[in-house]
Amino acid sequence: MDSVALAALQSWPWHPWTVAALVFIAVLYGIGWVRIWRQVHTHQDSTRLGCFVAGLVTLWVALDSPLDAFDQLFLSAHMTQHLLLLSIAPPLLLLGRPVLPLLRGLPKRFVKEAIGPFLTSPGGHQISDWLTSMPVVGLLFAVSTVGWHFPPAYELALGSTFWHDVQHACFFWTGILFWVPLIRQTPGKSRWPAWAPIPYLLFADLVNTVLSASFVFAGRVLYPSYESVPLSGISAQTDQTLAGAIMWVPGSIVYLVPAVVFTVRLLSPERTIAEEHPVRVPRRFASGQQLLRAKWLPKARRFAQATMFTVAVAVIIDGFVGTQVAPLNLAGVLPWIHWRALSVGALLLVGNLFCMACPFTFVRDGARRLITPKLRWPKALRSKWLPVALLIFYFWAYEAFSLWNSPSVTAWIILGYFAGSLVVDSLFRGAVFCKYVCPIGQFHFITSLVSPREVAVRKQSVCSSCNTHDCIRGNQTSRGCELYLFQPKKASNLDCTFCLDCVKACPHDNVALLPVLPGQTLTEDPYRSSIGKLSKRYDFAALALLIVFAAFVNAAGMTGPVMMYEHKWHARLGPHAMPIAVGAFVLLGAVIAPVLLVTFCTICNRLWVGRDRIWEISRRFIYALVPIGVSMWAAHLFYHFATAWFTSLSFVTPIQILCLDAGLLLTLYVIVRLAGQYGSRVSQTIAIAVPWAVVSLLLYVAGVWVLFQPMEMRGMVH
Amino acid sequence: MRRTTQQVCLTFLFFVGSRALLADGGKVQLQKQAGPFLITVFSDPSEVRVGRVDLSVLCQKSEDKSAVLDAKVFLHLTKPGGAEIVEFTVPASHDAATNKTLYAAHLDLPAAGKWKVKVDVRRDGDEASVTGDLNVLPKQPLLVTYWPFFVLVPLIALLFAINRRLRRGRELRHPRALR
């Protein structure tokens, strides 16, 4: 093959966002398609699936293939790209009847609550009816197609990335709109007479033909940009003629073939389209929920724990005997860079998987075969204050002594953790270490408030008739919950280590890892087993507040301006004053600032809801800040994870901002819901929500500022 | 249901269509004939700003305009004037290019202003150099660079407000509809 042709064929751009968007849509469609297929299937299911996948592949080819790489050099390549975007991908996607599969692919509650009102609103119907009526769409199609091919508009697109994007978006969207009236998504009568598609398609072909002919017969190069780029083998004029021919012939086929089909249908004696006969089929496959309820999960947990234990041992050994250059040592990389990011990722995508695979409890469980603990944890320590203090100490020590940069210290910490859990749980009954001591566990408990899965009961009615309460008491097959969470009264993931003992113990198979709406429990304040009402617990509120603000403090501590500030104070106070400077920063950001801000919000709210229960209300609002805090943790840890794996980091900042966006939106949502519970009038609701919304916006702005600062890269050789 | 279908189609495909925001760009910054070669320099993004920039070179034979794929290409960039003269040389290669008929180099330009670009091409004893100016604009504020990501928040908040309003309207029309 010619070397130039070979080079051209190798010119595949890599747009991760394109691929991610297409894969996301494909997965969503696939999930929905399988769900529908399990209940009802027709003979056309495979065809639809094939059409939809072909549509996505066409989009991918248009946007992420050599066509995209050469669209600046060859008008013919650019026209092919436009043809795919405008005339090929849209009908293929619509032939896949994507509506139901995509809706079924989304969480049911999200569809009902978030999308439902839009789909069923009369105003929405009017707009969509208008927007998809043949005259309007025909006009839009013509304006978009002809308008963008006027030389000034086309040159604008060639010279600016933004306008080039807008041009492509216009083609794709007018393509979708154009085909919507022709490809009905559900069986039923069309709102248009049977002959209407014929002039509609002929009009589109006319527009296409006039445009193509203008390219072919123009007699001069219409777009100077292509003239300025010298082409191999063909002149710009020839390239333009070729572009016109591509547009004319395949472009016309796309409109004329359906026009012929509609004409034949119109003229045939039986014009009615055969209704599809859905076939009900029995369920043959286990659903996702059934799988997560399965008894094999506890065994899988043991395997995960053993694996994590092995990794922890390797980290300790390397930390002690390996090189003390952190980026080259397992102890410098695995715990601080990979594990932290992966555990937060798992929390956001599934749930508290790290506690499920905890290596410390693995050792403890082994020891308990030999030692039976007899003591009870002192009453005074049955709260979250101890882990709060430990967390503050950790956040300070992490920066003050650069724990991440010292493999041997990291190894000592992990060893200390093993020893601590072993000693505490060998002496005291229950999972005392997890519940009242472990700072990592507390971090996961709070973070898992926005997890999409929860260990919960499937049917409360089954629990009402249960007398044995094996989920908490245990039985011969499994011990009960060591954190004293009684499943029927358990709400949210707080204090749940995902150990799945309750799943194993429940004789009714009524406990499972079930999907929940992230953050849903933040808007409620039920009595929670072994915790009580969150609005009554100062220690939980303090823990949540600390974890939220520490997200910003921890990330800010690695940025240039903050480090400079710390070094300035270090120089001013003396050679050993760095821990003091760091301590002051941590104390100010993670303790004093949140206390002041919460006090400010409480004082503001007091004007509207009175003195009664005012602190109780504030304690509820504190949990509303958890999503923005978690999103900051995710954004920050993702940065370190990405810098350890990738050299090109252009995708990192957008993902980080999207994380913060999602956190802010969820926080605002929870604030609005909570304010609605305390405000009797709209004005009162707004007044209650405003101070908390201001705090969350401040956190968002602080987060964005931190993300935009030069940040110290860790876990890689500098 | 049909209406629903249409609305949802528009909604979900927004995500796919949003890719268009990342379409490739590129602009001819310099084109000159030198020796046996015709050399064209492109930039991406089309407006060159301080920071990361992708400069691509198309090298063609003068006589038949066929692409030359086996040359050695170097880019020399100089920022004259001022107290400091910034200067660096980078090789351009097919590996760094999306379009494999071009030679590309990814550069971090440290300062705004007029830069001198010199492209050196060597191939089988033939050597050619072209020079030209590259106007580098100041760095865009990050808030401007990432504005679509910040617009998402008010946009979704607005959609939420509309959602609430629609729900309230529906509840008033059909009190039991949403239960």
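Keep in mind it's a predicted model, so treat the numbers as computed, not measured. (Residues numbered from 1 in each chain as written. Chains lettered and ligands numbered in written order. Predicted model: local features only at pLDDT ≥ 70, side-chain atom pairs only at ≥ 80, totals over all residues. Heavy atoms only, no water.)

K.L.:
Which residues make up the overall build of chain B, and what values do they have?
P.N.:
Within chain B, the secondary structure is distributed over three helices and eight strands. Counted from the first residue to the last, chain B has its helices and strands arranged as α-β-β-β-β-β-β-β-β-α-α. Counting the 179 residues in chain B, one finds 44% classified as buried. When the accessible surface of chain B is summed, it comes to about 9300 Å², and 56% of that surface belongs to carbon and sulfur atoms. (Helix = DSSP H or I, 4+ residues; strand = E, 2+ residues; numbered from the N terminus. Buried < 20%, exposed > 50% of the residue type's maximum accessible area, 1.4 Å probe, protein only. Areas by Shrake-Rupley, 256 points an atom, 1.4 Å probe, with all protein chains shown as cover.)

K.L.:
Mind laying out the pairing of strand E8 (residues 126-136) of chain B, listing which residues take part and the relevant values?
P.N.:
All names here are of chain B. Of the strand pairs in this sheet, strand E7 (residues 113-123) and E8 are connected by 11 bridges, and their pairing is antiparallel. Counterpart to Lys 114 in the pairing with E8 is Asn 135. Between the end of E7 and the start of E8, which pair antiparallel, lie two residues, with Asp 124 showing a positive phi angle near 45°. (Pairing = 2+ DSSP bridges.)

K.L.:
So what about the packing of helix H17 (residues 330-349) of chain A against helix H23 (residues 439-447) of chain A? Which residues, and what values?
P.N.:
Residues and elements named next belong to chain A. Between H17 and H23, the shortest axis-to-axis distance is 10 Å and the interhelical angle comes to 35°. Pair H17 / H23 crosses with right-handed handedness. On the side of H17, the interface is formed by Trp 339, Ser 343, Val 344 and Leu 347, while H23 contributes Ile 440, Phe 443, His 444 and Thr 447. Its residues assigned to classes, the contact of H17 with H23 shows five nonpolar, three polar and no charged. (Axes fitted to C-alpha atoms, helices over the stretch in contact; angles between N-to-C directions. Left-handed = near helix turned anticlockwise from the far one by under 90°. Contact = heavy atoms within 4.5 Å. Nonpolar A, V, L, I, M, F, W, Y, C, P; charged D, E, K, R; others polar.)

K.L.:
Break down helix H9 (residues 134-149) of chain A for me, citing the residues and quoting the values.
P.N.:
Helix length check: H9 of chain A, at 16 residues, gives a terminal C-alpha distance of 22 Å against a target of 22 Å (1.5 Å per residue), a fit within 8%. The complete set of buried residues in H9 of chain A reads Met 134, Val 136, Val 137, Gly 138, Phe 141, Ala 142, Ser 144, Thr 145, Trp 148 and His 149 of chain A. (Expected span 1.5 Å × (residues − 1).)

K.L.:
I'd like a rundown of the sheet that holds E7 of chain B, residues and numbers included.
P.N.:
All names here are of chain B. Spatially, E5-E4-E7-E8 is the arrangement adopted by the four strands of the open sheet, whose pairing is antiparallel. Edge positions in the sheet fall to strand E5 (86-92) and E8, since each of these pairs with one other strand and no more. Across the sheet, the mean angle from the axis of one strand to that of its neighbour is 20°, orientation sign disregarded.

K.L.:
Report on helix H11 (residues 161-179) of chain A, specifying residues and quantitative values.
P.N.:
Residue and element names in this part refer to chain A. Taking 1.5 Å as the rise per residue, H11 with 19 residues should run 27 Å; its terminal C-alpha atoms sit 27 Å apart, in good agreement. Counted residue by residue, H11 has 14 buried out of 19 residues, so it is predominantly covered. N-cap assignment for H11: the residue whose side-chain oxygen lies 3.3 Å from the backbone N of Phe 162 is Ser 160. (Polar contact = N/O pair within 3.5 Å; in protein donor to acceptor, adjacent residues only side chain to side chain.)

K.L.:
Any details on the sheet that holds strand E3 (residues 51-61) of chain B? Residues and values, ideally.
P.N.:
All names here are of chain B. Strands sit in the order E1-E2-E3-E6 across an open sheet of four strands; the sheet is antiparallel. Edge positions in the sheet fall to strand E1 (27-34) and strand E6 (103-109), since each of these pairs with one other strand and no more. Here the average twist between neighbouring strands, direction ignored, is 20°. Note that E1 and strand E2 (residues 37-44) share seven bridges and pair antiparallel. In the strand pairing of E2, Val 28 is matched with Phe 42.

K.L.:
Please give an account of the nonpolar core that cites residues and values.
P.N.:
Residue and element names in this part refer to chain A. One finds Val 455, Phe 621, Tyr 623, Leu 625 and Tyr 700 to be the most contacted residues of the largest nonpolar core, which totals 106 residues. No other element matches helix H27 (residues 538-556), which puts 15 residues into this core. Not counting residues within four places of it along the chain, the set of residues in contact with Phe 621 comprises Asn 605, Ile 671, Leu 674, Ala 675, Tyr 678, Ile 688 and Trp 692. Leu 67, Val 111, Ala 142 and Trp 179 belong to the second-largest nonpolar core, a separate cluster that totals 60 residues. (Core = buried A, V, L, I, M, F, W, Y, C linked by side-chain atoms within 4.5 Å.)

K.L.:
Could you give an account of the packing of helix H3 (residues 45-64) of chain A against helix H5 (residues 75-95) of chain A, naming the residues involved and the relevant values?
P.N.:
All names here are of chain A. Running from N to C, H3 and H5 point in directions that differ by 160°, and their axes come no closer than 7 Å. Here H3 is positioned roughly antiparallel relative to H5, judged by the angle of their axes. As H3 runs across H5, the sense of the crossing is left-handed. In this structure, H3 contributes Arg 48, Cys 51, Phe 52, Ala 54, Gly 55, Leu 56, Thr 58, Leu 59, Val 61, Ala 62 and Leu 63 to the contact, and H5 contributes Gln 81, Leu 84, Leu 85, Ile 88, Ala 89, Leu 92, Leu 93 and Leu 95. Among the residues making up the contact of H3 with H5, the classes are represented as 15 nonpolar, three polar and one charged. (Parallel < 35°, antiparallel > 145°, perpendicular 65-115°, else oblique.)

K.L.:
Any details on the pattern of salt bridges? Residues and values, ideally.
P.N.:
Residues and elements named next belong to chain A. With the rule as written, the count across this model stands at 17 salt bridges over all chains. Ionic pairing is found between Asp 495 and Lys 435, a salt bridge with its closest N-O pair at 2.8 Å. With a gap of 60 residues between them, Asp 495 in the loop between helix H25 (470-473) and helix H26 (501-505) and Lys 435 in helix H22 (residues 432-437) connect regions that are remote in the sequence. Lys 435 shares its class with Asp 495; the two are buried. Via salt bridges that share partners, Arg 302, Arg 364, Asp 365, Arg 368, Asp 425, Arg 479, Glu 482 and Asp 501 belong to a single interconnected network. (Salt bridge = Lys/Arg side-chain N within 4 Å of Asp/Glu carboxyl O.)

K.L.:
Please provide a residue-by-residue account of the confidence of the model for chain B, values included.
P.N.:
Residue and element names in this part refer to chain B. When pLDDT is averaged along chain B, the result is 78; 80% of the residues meet or exceed 70. Ranking the elements of chain B by mean pLDDT puts helix H1 (residues 2-17) last with 42 and strand E4 (residues 72-79) first with 91. Confidence drops under pLDDT 50 across residues 1-25; counting only partners more than four residues distant or on other chains, this segment forms 73 contacts. Across the interface, the model reports ipTM at 0.78; the global pTM reads 0.81. (pLDDT = per-residue confidence, 0-100.)

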